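# Results of the structural survey
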Amino acid sequence: MDAAGGGGEEVFVTYAQIGAYFSLLALEGPSAQDRIDRIVPYLISLLPPPFVPAPDADADESSDSDDDHFSLTSSDDDIAAPADGPAVDPAAQDGDGQDHISRLPDDLLSNIVSCLPTNEAARTMVLSTRWRSVWAATPLLVDDTHLRAADRHAVRALSRCVAAHPGPVRAVRVTHTSFHRQEYALERLVASLAAKNVQDLILFNRPWPLDMPLPDDILSCGSLTRLYIGFWRFPDTAAHQPAFPNLHELGLFHSIIEDRDVDALLAHCSKLRILSFAMAYSCGSRLRIRSSSLRVMMEWRCGFNEIIVEDAPCLERLLFHSISDRRPVRIVNAPRLEVLGFLDLQIHALEIGGIVIRAGMNVRASAMLPSLKILAVKVQFSHATEAKMLHTLLRCFPHLQTLHVMVVYASY
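Here's what I pulled together on the structure shown here. Computed from a prediction, not measured in an experiment: that's the story for all the values here. (Residues numbered from 1 in each chain as written. Predicted model: local features only at pLDDT ≥ 70, side-chain atom pairs only at ≥ 80, totals over all residues. Heavy atoms only, no water.)

This brings us to the overall build of the chain. When its secondary structure is counted, the chain shows 10 helices and 16 strands. A sequence separation of at least 24 residues applies to 59% of the contacts in the chain between residues at least 6 apart. When the accessible area of the chain is evaluated, it comes to approximately 19600 Å², of which 51% is carbon and sulfur surface. (Helix = DSSP H or I, 4+ residues; strand = E, 2+ residues; numbered from the N terminus. Contact = heavy atoms within 4.5 Å. Areas by Shrake-Rupley, 256 points an atom, 1.4 Å probe, with all protein chains shown as cover.)

Pairing in this open sheet of five strands is mixed, and the strands run 7-9-11-13-14 from one edge to the other. On the outer flanks of this sheet lie strand 7 (287–290) and strand 14 (355–356), each paired with one strand and no other. (Pairing = 2+ DSSP bridges.)

This part takes up the nonpolar core. With 86 residues, the main nonpolar core has F277 and F397 as its most contacted residues. A per-element tally of this core places helix 8 (residues 183–195) first, with six residues. Among the nonpolar cores identified, the runner-up in size contains 15 residues, and F204, L210, F253 and M279 belong to it. (Core = buried A, V, L, I, M, F, W, Y, C linked by side-chain atoms within 4.5 Å. Buried < 20%, exposed > 50% of the residue type's maximum accessible area, 1.4 Å probe, protein only.)

A separate point is helix 6 (residues 129–137). Taken residue by residue, helix 6 has W131, V134 and W135 as its buried positions. The arc that holds every buried residue of helix 6, seen down its axis, measures 100°, which confines them to one face. (Arc of directions from axis to C-beta.)

Turning our attention to the packing of helix 4 (residues 106–114) against helix 6. Any two packed helices are characterised by the angle at which their axes cross and by the distance between the axes. Where helix 4 contacts helix 6, the two axes come as close as 9 Å, and the packing angle between them is 70°. Classified by the interaxial angle, the pair formed by helix 4 and helix 6 is roughly perpendicular. Regarding helix 4 and helix 6, the two cross each other, and that crossing is right-handed. Here D106, L109, S110 and V113 of helix 4 come into contact with helix 6, specifically with R130, W131, V134, W135 and A137. Of the residues assigned to the contact of helix 4 with helix 6, the class counts are six nonpolar, one polar and two charged. (Axes fitted to C-alpha atoms, helices over the stretch in contact; angles between N-to-C directions. Parallel < 35°, antiparallel > 145°, perpendicular 65-115°, else oblique. Left-handed = near helix turned anticlockwise from the far one by under 90°. Nonpolar A, V, L, I, M, F, W, Y, C, P; charged D, E, K, R; others polar.)

Turning next to the environment of L141. Its place among the elements puts L141 in strand 1 (residues 140–143). Relative accessible area serves as the criterion here: at 10%, L141 is assigned to the buried category.

Residues F381, L394, L403, V405, V407 and Y409 make up a contiguous nonpolar surface patch of roughly 550 Å² in combined accessible area. If you tally residues by element for the nonpolar patch, the top one is strand 16 (residues 402–407), at three residues. Topologically, Y409 is positioned in the segment after strand 16. (Patch = residues over 30% accessible without salt bridge, like charges linked within 9 Å, V, L, I, M, F, W, Y side chains within 5 Å. Salt bridge = Lys/Arg side-chain N within 4 Å of Asp/Glu carboxyl O.)

Enumeration over the complete set of coordinates arrives at six aromatic pairs. A ring pair is formed by F179 and W232, whose centres lie 5.4 Å apart and whose planes are at 50°; its orientation type is tilted. One end of the pair, F179, is in the loop between strand 2 (169–174) and helix 8; the other, W232, is in the loop between strand 4 (226–230) and strand 5 (249–253), with 53 residues separating them in the sequence. Grouping residues by exposure puts F179 and W232 together as buried. Residues F204 and F231 carry aromatic rings whose centres are separated by 6.2 Å and whose planes lie at 65° to one another, so their mutual orientation is edge-to-face. (Phe/Tyr/Trp six-rings, centres within 6.5 Å; stacked < 30°, edge-to-face > 60°.)

Here the amide bond leading from G341 into F342 is cis, since omega sits at -5°, within 30 degrees of zero. Inspection of the secondary structure puts F342 in strand 12 (residues 339–344). Although it is not a glycine, N197 sits at a positive phi angle of roughly 60°. Following the sequence through the fold, N197 ends up in the loop between helix 8 and strand 3 (200–204). Non-glycine residue R301 carries a positive phi angle of around 55°. Within the element layout of this structure, R301 appears in the loop between strand 8 (296–300) and strand 9 (307–311). Residue R301 is classed as buried on the basis of its relative accessible area of 12%.

Attention now moves to a negative patch on the surface. There is a patch of like negative charges on the surface, built from E183, E187, D216 and D217. Locating E183 in the fold gives a position in helix 8. E183 sits in the partly exposed class, given a relative accessible area of 43%. (Lys, Arg positive; Asp, Glu negative; His and termini not counted. Charge placed at Lys NZ, Arg CZ, Asp CG, Glu CD.)

Here T175 shows up in the loop between strand 2 and helix 8. Excluding residues that lie within four positions of it along the chain, T175 makes contacts with I44, L47, D144, T145, I202, F204 and R206.

This next bit is on the environment of A171. Along the chain, A171 turns up in strand 2. Among the residues examined, A171 registers a relative accessible area of 5% and is labelled buried. Between the alpha carbons of A171 and V198 there is a distance of 6.1 Å; along the sequence they are 27 residues apart. Beyond its immediate stretch of four places on either side in the chain, A171 contacts F51, L140, L141, V142 and D200.

Any functional reading would require information that these geometric values do not contain.
Structure, rendered in structure tokens:
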């Protein structure tokens, strides 16, 4: 696998192999860390968008007011808030000189505050005692792009921010922070998120060491509805059983996870609808899908040796982009599958209902997927077998409505 996203393809199954490969390349160009660092922004671009856009970096750097250094973890004694009324900027007042915003109901004010960047939302505490109570009741949205902390203090700032907020935690997005040599602060952060019932969590390590263990407490975040992690070694579910009864969406990016841990996640995520793997690694692994709720499964440039859809009665989309040697794709039970691809006829060996699909074969009903409507394939037409296989595939999907063909040209 070409983990740097360019050049020839190398297949990796462990991070030790990745490190050795990049160290070898470093003799001829950028260092191993520089090559990995190039991957991170691209993987981040695949994530769901942030709830609140990051502040303008240029404006942030040009300002030198005391507010720029406001602490998210300040105690009540550190905040000199007037008790007799809100301190309102005259420029922000209405024409009649009245503060109409503070007259709004608390729940509406809380919604307004939740739309602000993390640091600006916290500053509303200094407006008045009423605004302080609004901030305390507002579900916390934390994004490390909103925090102005040196790299060595970023993890501690995140941990203190979550621990100091008296209200619930709605969402945390960490994509620009390195947790290297910050294991204790990381454990405190994850434990606080579990205790405060975080609902939405995106947690990336930036990104060294490559196989940094993710704390076991992540498996105790039972209130999560969406979880994306990147550049971690996933916890051992044999020692700590996952508890994700409300999880709808799960993404594992550039992380190490064992087959048994994937099986445990699917078994304990009864509401999971979307499952994504991007550049995930494991040794000699196969991705086995057994889920009564899963609707979308995406695999992109991972190290799985085999993909098996064993029992997925609700699965509608099976998407993958593989870069390895010959890889079986077995579909045993997926009666609602509507979208399949990209099926690379040079790499993938498709099997439906226990029958291996071969070019030119007579297709029986048990080897058909009547539900499939959209198919995407990669074909090298200069190979007669692949051209013949495409014709056979069309007979496997009698109700196909849309066919996407990517033509692959032979390299000489």
